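# What the coordinates show
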Amino acid sequence: MAVKLEARPFAEAVAALQARSGSQVDSWHWTDLWQQEHAKSFTVAKSAGFDILTDVYSGLETALKEGRTGRQFAQELEPLLVRKGWWGRQDVVDPETGDTSTVQLGSLRRLQTIFDANMRVSYAAGHWARFERTKDTRPWLRYVAVMDGRARPEHAARHNLCLRVDDPYWDVWAPPCGFGCRCTLQSLSDRDVARMRGQLKFKPPPDRMRSWTNSRTGEVIQIPEGIDPGWAYNPGKAGANQLPPAPTTWTPPPPKPAAPPPPPPLPFHLRMERTSSYLPKADLAGMPAGVADWHQGAWPYVDDVMRRAILAKGPPTILPPEKSGAYATFRGGIMMARSYTRASKEERSVTWRHEFGHYLDFYPDRPATYLPVEVRSVRAIPQMQQTLERWNAARAADQPDDALPRGADRATAEAYWRKHGISGLTLDDMIALAGSEGDPAPLLNAVRQGDPQAFLKAWRPRSPSELRLQLMVSDFIEAVSKCTMGGKDFGTGGHGRAYYAAVPLITAGYTGRHAVEAFANWVTVRSGALQQVKVILARLAPEVVEAFEVLLKEMAGG
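This text gives an overview of the structure that appears in the document. (Residues numbered from 1 in each chain as written. Predicted model: local features only at pLDDT ≥ 70, side-chain atom pairs only at ≥ 80, totals over all residues. Heavy atoms only, no water.)

## Observations regarding the sheet that holds strand β5 (residues 184-188)
- The three strands are arranged β4-β3-β5 in an open sheet whose pairing can be described as antiparallel. Edge strands, defined here as strands with exactly one partner in the open sheet, are β4 (162-164) and β5. Sheet twist, expressed as the average angle between the axes of neighbouring strands with direction ignored, equals 35°.
- In terms of strand pairing, strand β3 (residues 140-144) meets β4 through three bridges, oriented antiparallel. The partner of Arg-142 across the bridge, within β4, is Cys-162. (Pairing = 2+ DSSP bridges. Helix = DSSP H or I, 4+ residues; strand = E, 2+ residues; numbered from the N terminus. Axes fitted to C-alpha atoms, helices over the stretch in contact; angles between N-to-C directions.)

Written as structure tokens, this is what we have:
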């Protein structure tokens, strides 16, 4: 069954904006409401004398709830403001001084500024409410600037600054720090901080103060360089303080009914007996004997979950062997070339599991196109995007100071693995993957850092079947990373950029082919004889692996 994802509004951000709606203040100068006062009231400068505040607020609330853009907000509001006379440059009387001056009222650019400032302040309030709620488990805040060359120098200097949630520094330097500021705060756990320590900094740069005169009151105040006048406070905390307290009691959900006990697994000889339905004699007529061999030879390497999924779906159509290659069709056919009849049983099983992964993924009654409705695996595209973001962060991070040096002796490597190793694997498992002449240090460091590209470079296959398995793992990483960090841009045997770009985009830059190949390659790895690779891949891509395991268990009947 296809999963339909629906966007949901950021509840705390909406509540922060609504908390200001009860006090709508007509104002003339943008300094008439100052800093924290904006958390309690809603205003638009030069709105005095015009009945527009309710209209602007309603447009902002609708945009925040429905995820509309600033351009949509401005285009929908423009006709109404023009009718009310609040548009363009006009001569207007200041209600406080009585002076007449030519001022800019409404414009598309000004509406975009109003939209941007109110959205960012509302989101900051929603985020701060969550920071306070989760600070026991995520006690750190990281300043994140958009490092694209357009950030203010003072903001770029604070990128990756990490301080406690309760640090008074955030009372002044909490984004947004001015009009157009794109900086944000990110909450981190102690474990996050330990993992990112090489890129974080824990001492803020010194402030340089500048004098600014309020032209409305004549008051001279000191403001840090990099913060706009009126923004030297914490908009998020001020807005969050206006929200009702979060519920302090929690009612646990009713217990789930006990699942029925799983059916006892079929004895091995009965499972093998069932496989005879894949190979009826009528389909084997005129085919080389090896076609039957690669089915029977591959089956012992398949784990119970995949066996149950295959038995539940039924047999595929065995297509006549071609000279080379292997493929599965959307109509439920599988072709294995004659060349595979000469490979070892385990090597045959690698490709066999891959093609059966496709066979399980495809809906045989749907058109042969890579769209979300035709293949099950596209449900995992959000998890693929999440994994890719983490991979990119791991590659960008500096190697930790205590990384295992090349050529380390056995005792040093064992101490390192006890501290940073993976449960279920031994140091000898990792040394085996590094090859007889390889140094295990790059492999151990790559797995610890979560860098899939470095892992592939350090893995040295020792047999044809292991080399083919490495190709499947590299193809998995290529699919998840959108061809940015696999072993190579494949021409044959794997899938390169041209293959993935041959169909329309679906979401987040992925096509259906990305998900289809990633799923088939995970199915290949999870049932293979080299279980060390399965454990490592589950460590490198836990979000994707978990999503694919859910799909596979659904196919197997739960």
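## Examining the side chain of Glu-61
- Locating Glu-61 in the fold gives a position in helix α2 (residues 53-66).
- Polar side-chain contacts of Glu-61 include one of 2.8 Å to the side chain of Gln-18.
- Filtering out sequence-adjacent residues up to four positions away, Glu-61 remains in contact with Leu-17 and Gln-18. (Polar contact = N/O pair within 3.5 Å; in protein donor to acceptor, adjacent residues only side chain to side chain. Contact = heavy atoms within 4.5 Å.)

## A short note on unusual backbone geometry
- Omega for the peptide link from Pro-175 to Pro-176 comes to 5°, which places this bond in the cis form.
- Looking at where Pro-176 falls in the secondary structure, it is placed in the loop between β4 and β5.
- Its identity as a non-glycine residue notwithstanding, Gln-35 has a phi of 50°, on the positive side.
- Counting through the fold element by element, Gln-35 comes out in the loop between α1 (11-21) and α2.
- Even without being a glycine, Lys-46 presents a positive backbone phi close to 70°.

## Here's the deal with the side chain of Asp-192
- For Asp-192, the position within the fold is in helix α6 (residues 190-196).
- Only 3.2 Å separates the side chain of Asp-192 from the side chain of Arg-138, close enough to count as a polar contact.

## Brief notes about the sheet that holds strand β9 (residues 326-328)
- If you walk across this open sheet you meet the three strands as β8-β10-β9, and the pairing is mixed. Where the open sheet ends on each side, the last strands, each with one partner, are β8 (317-318) and β9.
- Looking at chain direction, β8 and strand β10 (residues 333-336) are connected through two bridges and run parallel. Paired with Thr-317 across the bridge in β10 is Gly-333.

## Digging into the nonpolar core
- Core analysis: the largest hydrophobic core is formed by 70 residues, its most contacted members being Phe-455, Trp-459, Val-473, Phe-476, Ile-536 and Phe-548.
- Ignoring anything within four residues of it in the chain, the contact list for Phe-455 reads Leu-443, Ala-446, Val-447, Val-473, Ile-536 and Leu-540. (Core = buried A, V, L, I, M, F, W, Y, C linked by side-chain atoms within 4.5 Å. Buried < 20%, exposed > 50% of the residue type's maximum accessible area, 1.4 Å probe, protein only.)

## Describing the environment of Leu-243
- Considering the arrangement of structural elements, one finds Leu-243 in the loop between α7 (235-240) and α8 (268-274).
- You can call Leu-243 buried: its relative accessible area is 14%.
- Separated by 228 residues in sequence, Leu-243 and Ala-15 have C-alpha atoms that sit 6.8 Å apart.
- Other than its neighbours up to four places away in sequence, Leu-243 contacts Glu-12, Ala-15, Ala-16 and Ala-129.

This is a description of form; function is not addressed.
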